[in-house]
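Descriptive structure summary
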Amino acid sequence: MRSHHSYDGTVLAVVHEPQDTHDRSPLVLELCGATRTDAEAVAARVARSHRAYDVELDVPGHGTPQHHAPDGVPQHHAPDGTPRDGVRDGVPRDGVPDGVPGPAGRAGRYLLRLSPRGPLGPDSLGPDGLLGPEGAGPPLTDDLLADLLAPPAAGTVPVRGHQRALLAAAAGQPGGPGRFVEQLHWDWTGPLDLTRFIASWQSLAERETVLRASFDWAGAPRLVLHERAAVEVVHHGHASDGWQELLRRERERGFDLYRPPLLRVSLFEGPPPARRTRTGPATGASTGAGAGRGPVRLLVTYHRALLDERGVRLLVRQFYRSYLAGGVLPGADRRPDIRDHAHWLTRQDTAAAREFWAASAPPAGAALTPARPGEPPRQAGETGSPGGGTGSPGGGTGRIRRVLRPVQSARLRSWAGGRGVGESSALHLAWALLLYRAAGAAGPLPVAFGVHLSGRDMALRGGAGIPGLLGGPLPMTVTVDGATPLADLLVQVRDAALDLTAYAWVCAGQVRRWSGRAPRSPLTGTTVRFETHPELPANLRAELAAQAVTAGAPHSAGGVTTVPITLVAHHDTQDALVLDALYDRARFTDTDAAETLAQCLHLLRSLPERVHERSTVADALALLGTSQVPVMTVPPPGSPSPALRVLRAGRAGADLVCLVTVPGVTPGAYDLFLRAHRGPERIVSLTLDGGQAPPGVLADLPGDAGRLTVCGAGPAGPAAHGLARRTARHTGRVPAVVMTGLGSAAETALALSRALQAVRTRTA
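Residues numbered from 1 in each chain as written. Predicted model: local features only at pLDDT ≥ 70, side-chain atom pairs only at ≥ 80, totals over all residues. Heavy atoms only, no water.

Re the environment of Ala713
For clarity, the cut-off: A run of DSSP states H or I qualifies as a helix once it reaches four residues; a run of E qualifies as a strand once it reaches two. Both are numbered from the N-terminal end. Whether two residues are in contact is decided by their heavy atoms, any of which lying within 4.5 Å being enough.
In this structure, Ala713 sits in strand S30 (residues 708-713). If we ignore the near neighbours within four places in the chain, the residues touching Ala713 are Val665, Tyr670, Thr740 and Thr748.

This is the structure in structure tokens:
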């Protein structure tokens, strides 16, 4: 049984000509594929968010434009400029054919004028860094483009911090759709009403904004908050495929990041429980949702760019409340939510954070990894990722699990507590020792690694209960010296971690800016994450038990790392310390990753038993004996350069269409467009892996081409617009620019076709 959700897959497109004029000239943009309702919603959103512009929407078939006030409310102006209610019929303006858009529900084309109210300052720089006459007119910023192309009827909030980095990695890096997918599973024993189960998740989606959220990265990255979305629930009744196959299949399905929700649920039933008949041996029996049903395993699959494990556990808790209430949670949206968190972030004073990170960012030359540089990993012949991997051999994310027994875990906590630190500080100490040892230093050396903060310890009432990705890793730096007392290093890692807690809202990009680092320079090479899991409240367990339901403890499966290796620690139900190493299999072999985790575990076992008050750092390192330092591949330096390719020769003298590709463009969108396009144009593709294309990148193409149109689907829009502006400045030839929103390959191809039709109409 399956529950479905519907989604409006309309993808908008914008056509623009970056005229070589001054920065006070209006931006004139043509919206394609929009209904009148959509166009008015876009104009209202732009007016609310970009108060430096007067916003005017031309509605074909009406003689007066709509002027949108900064509050987003449209005002219809008479010819003398005074606002009035109503719109009288008239002729369309600027050559847009009368009747193209038609009624409010039919797609068409609309002109949007953005007139600067005053000189545009540095904050209005376009994505290409150009402003004013040398940039071919006023800029089209990433924020403005995001507001133009996001789904019209949805609200948006900016994507910031670690979430922004995860989104960029998930949307633009290779590794398959399952690379940033995580899973949580547990057993349900007792009767299960499937109808109420599905209704409970849907009720939760109606109350939790995060379950109606998707991503938009066509311009500045945004969370798009939809009015509704339905959680997909799939029931696998006595499936022939095994549990591990279901995990793999659900993980590899991935998610369309532009389509909500980014979470789905599966119910898995194993073989039916055996029962004994009066006349024969035990046989299998399916008892439906009543008594006698064997345990059902529940699986929640979610995208790590939107939710962390703690957030999913909070949602599961709310699901139980909904199920116990008959499948309906009372009330409207629960607040605070991700909108309130985004607003809270804008109110943070950055002065103290700037000062702290200017002094505390990892210095150049700090040790960043627990391994020495080596040859590329060769996974062939190995048995795969111990504990399970999320990628194919030789790539993807591997996962290894090791456990410190409950007695050993208690001893470690006691040892750390006796020295005035927590268990997490002991883990940080062990990891710092591994980084120092791998560097082969003979004296003092700073080491740096990421410490993951949940971001829920904030001065926002109820903020700890917000499901979402609120925090992320921050770089922690300590100086390790073999001659110093180990107790001093232990206090140093404790104090360094405490200092970070005040800045859990800061992201790595801010740290780089405030410390004067290059935009993409590595701050760390590893991350340590110590997780605490919220328990299911006793009253919920009691209510479930009253309905003969027992809910098992959730367990995580899969994992995500954006650095070569991430160490994740948590306590299981027996209070044992569980350590998971999540590692990039393109950087670590399974053997080297396992050795890294084994050495960390050995230190945690040995420190309470063999370290005394006078022990030095060198004494602690000696616990590792002659064990080899693991090996990790250092990736070759990238040298991105534009790649230009002719896709269709076209007719002699035909117009030229350039399709710009950057990481994150919907796979297959340009291929579908090319197959369906019947025009005479010459079509080329330009692939940009990083940086900007020089203005002369198209100079080698035949010079008899007609008009140039530069197209960018989704995140390629800013690059396409920047290329068009530089081309106009460099050659005096003003290209048209087509930029689309995000959607499936078919939806994006349709948006491109509509926009190119608008360009042809202009030049006909």
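Additional details are given in the paragraphs that follow.
Let's talk about unusual backbone geometry
The residue after Pro260, namely Pro261, is reached through a cis peptide bond having omega -5 degrees. Position of Pro261 relative to the elements: it lies in the loop between helix H5 (243-253) and strand S13 (263-269). For the bond running from Arg335 to Pro336, omega is 0 degrees, close enough to zero to count as cis. Here Pro336 is to be found in the loop between helix H6 (309-324) and helix H7 (338-346). Phi is positive for Ala548, which is not a glycine, with a value near 65 degrees. Here Ala548 shows up in the loop between helix H13 (538-546) and strand S22 (550-551).

Some thoughts on helix H16 (residues 669-676)
This is how the line gets drawn: Each residue is assigned to one of three classes by its accessible area relative to the maximum for its type, calculated with a 1.4 Å probe on protein chains only: buried under 20%, partly exposed between the two thresholds, exposed over 50%. Think of the arc as the fan of directions from the helix axis to the C-beta atoms.
Inspection of H16 places Ala669, Tyr670, Phe673 and Leu674 among the buried residues, and these make up the whole buried set. The arc that holds every buried residue of H16, seen down its axis, measures 130 degrees, which confines them to one face. Exposed side chains of H16 directed beyond 90 degrees from the buried face belong to Arg675 and Ala676.

A closer look at the packing of helix H8 (residues 351-360) against helix H12 (residues 508-515)
To keep things clear, this is the line we draw: Lines fitted to the C-alpha atoms define the axes, with helices restricted to the stretch that makes contact. Angles between their N-to-C directions range from 0 to 180 degrees. Any angle that falls under 35 degrees is termed roughly parallel, while one over 145 is termed roughly antiparallel, one within 65 to 115 roughly perpendicular, and all others oblique. Polar here means any residue other than Ala, Val, Leu, Ile, Met, Phe, Trp, Tyr, Cys and Pro, which are nonpolar, and Asp, Glu, Lys and Arg, which are charged; Gly is therefore polar.
As a packed pair, H8 and H12 sit with axes 8 Å apart at the nearest point and diverge in direction by 75 degrees. Classified by the angle their axes make, H8 and H12 are roughly perpendicular. On H12, the residues that touch Ala353, Arg354, Trp357 and Ala358 of H8 are Val511, Trp514 and Ser515. Tallied by class, residues from the contact of H8 with H12 come to five nonpolar, one polar and one charged.

Thoughts on the packing of helix H4 (residues 194-207) against H6
What counts is decided by this rule: Helix crossings fall into two classes, left-handed where the near helix is turned counterclockwise from the far one by less than a right angle and right-handed where it is turned clockwise.
Contact geometry of H4 with H6 gives a least axis separation of 8 Å together with a crossing angle of 120 degrees. As far as their axial angle goes, H6 and H4 are oblique. Considering the relative orientation of H4 and H6, their crossing is right-handed. Residues Arg196, Phe197, Ser200, Trp201, Ser203, Leu204 and Arg207 of H4 lie in contact with H6, whose contacting residues are Leu315, Val316, Gln318, Phe319, Ser322, Tyr323 and Leu324.

Details of the pairing of strand S25 (residues 577-584)
Applicable threshold: Strand pairing is assigned whenever DSSP identifies at least 2 bridges connecting the two strands.
The buried count for S25 comes to eight of eight residues, which makes it a mostly enclosed element. Bridge count between strand S18 (residues 397-404) and S25: eight bridges; the pairing is antiparallel. Bridge pairing in S25 links Arg402 to Leu579. Pairing geometry for strand S24 (residues 565-571) and S25, over seven bridges, is antiparallel. What sits directly across from Ala569, in S25, is Leu579. Hairpin remark: S24 followed by S25, antiparallel, with five residues in the connecting loop; positive phi at Asp575, about 65 degrees.

Details of the sheet that holds strand S10 (residues 213-216)
Spatial ordering of the open sheet is given by S8-S11-S10, a layout of three strands whose pairing is antiparallel. Looking at the sheet topology across the chains shown, the edges are occupied by strand S8 (155-158) and S10. Put simply, the sheet's adjacent strands are angled 30 degrees from each other on average, direction ignored. Where S10 and strand S11 (residues 222-225) come together, four bridges link them in antiparallel fashion. Residue Ser214 lies in a different strand from S11, and its bridge partner there is Val224. Seen against the sheet, H7 touches S8, S10 and S11 and runs at an angle of roughly 145 degrees to S11.

Notes on the sheet that holds S25
Sheet strands associate in pairs through backbone hydrogen bonding, adopting either a parallel or an antiparallel arrangement. Pairing in this open sheet of six strands is mixed, and the strands run S18-S25-S24-S21-S19-S20 from one edge to the other. Each having just a single partner strand, S18 and strand S20 (472-480) make up the two edges of the open sheet. On average, each strand axis in the sheet is inclined to that of its neighbour by 25 degrees, with strand direction left out of account. Across two bridges, the pairing between strand S19 (residues 445-453) and strand S21 (residues 526-530) is parallel. Across the sheet, Val451 pairs through a bridge with Val528, a residue of S21. Sitting on the sheet, helix H11 (residues 486-501) is in contact with S19 and S20, with an inclination near 150 degrees to S20.

Some points on the nonpolar core
So the rule is basically this: Take the buried Ala, Val, Leu, Ile, Met, Phe, Trp, Tyr and Cys residues and link them wherever side-chain atoms come within 4.5 Å; each set so joined is a nonpolar core.
Core analysis: the biggest nonpolar cluster contains 197 residues, and Leu148, Phe197, Trp201, Phe215, Leu263, Tyr320 and Trp357 have the highest contact counts within it. At 10 residues, the largest contribution of residues to this core is made by helix H10 (residues 423-439). If sequence neighbours within four positions are ignored, Tyr320 has contacts with Trp186, Trp188, Leu536, Leu540, Leu544 and Ala551. Of all hydrophobic cores here, the second largest spans six residues; its members include Trp243, Leu247, Leu299 and Ala557.

A look at the packing of aromatic side chains
How we decide: Think of it this way: a Phe, Tyr or Trp ring, Trp meaning its six-membered ring, pairs with another when their centres are within 6.5 Å, and the plane angle makes it stacked under 30 degrees, edge-to-face over 60, tilted otherwise. Distance and angle both matter: a charge sits over a ring if NZ of Lys or CZ of Arg is within 6 Å of the ring centre and within 35 degrees of the ring normal.
Under the definition given, this model contains 10 aromatic pairs. Where Phe197 meets Phe319, the ring centres are 5.0 Å apart and the plane angle is 70 degrees; that geometry is what we call edge-to-face. Residue Phe197 is located in helix H4, and its partner Phe319 is located in helix H6; the two are separated by 122 residues in the primary sequence. Phe319 matches Phe197 in its accessibility class, with the two residues each being buried. Pairwise contacts between aromatic rings join Trp188, Phe197, Trp201, Phe319, Tyr320 and Tyr323 into one cluster. The ring of Phe255 carries Arg264 above its face, with NZ or CZ at 4.3 Å from the centroid.

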